Amino acid sequence: MTDTTRDVERIYSTPEVVAKLRRLADALESETPFRIQIAGERIRVPARAQFSIEHERGDDEEEIEFQLKWTLEEDDEDEDDDEESDV
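No experiment lies behind these values; they were computed from the predicted model shown.

**Things to note about the pattern of salt bridges**
Thought 1: Evaluation of the coordinates by the stated rule reveals 2 salt bridges.
Thought 2: For Arg6, the salt bridge identified is with Glu41, shortest N-O distance 3.2 Å. Residue Arg6 is found in the segment before α1 (14-30), and its partner Glu41 is found in strand β2 (residues 41-45); the two are separated by 35 residues along the sequence.
Thought 3: When its relative accessible area of 34% is taken as the criterion, Arg6 is described as partly exposed.
Thought 4: Across the pair Glu62 and Arg57 runs a salt bridge whose closest N-O atoms are separated by 3.5 Å.

Scoring rules and cut-offs
Residues numbered from 1 in each chain as written. Predicted model: local features only at pLDDT ≥ 70, side-chain atom pairs only at ≥ 80, totals over all residues. Heavy atoms only, no water. Salt bridge = Lys/Arg side-chain N within 4 Å of Asp/Glu carboxyl O. Helix = DSSP H or I, 4+ residues; strand = E, 2+ residues; numbered from the N terminus. Buried < 20%, exposed > 50% of the residue type's maximum accessible area, 1.4 Å probe, protein only.

Dropping the structure here:
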């Protein structure tokens, strides 16, 4: 059995982030699932994914995370949706 746990972070250029966020916003607004490629792996995000924004502050740095979260069952439920956007 393969290990499905994954925790990666990738740095993108400003133009790349702008393009990804613009397409992400379009998919969220239209309530459609979409795919995103991160560090070489394509991931399908269902339309019903929960979106949150997290802020962390430490002694010498701050961080803001935009997070999409869903259960694998939710992804299966959206499997029939044909409309998807590449992010």
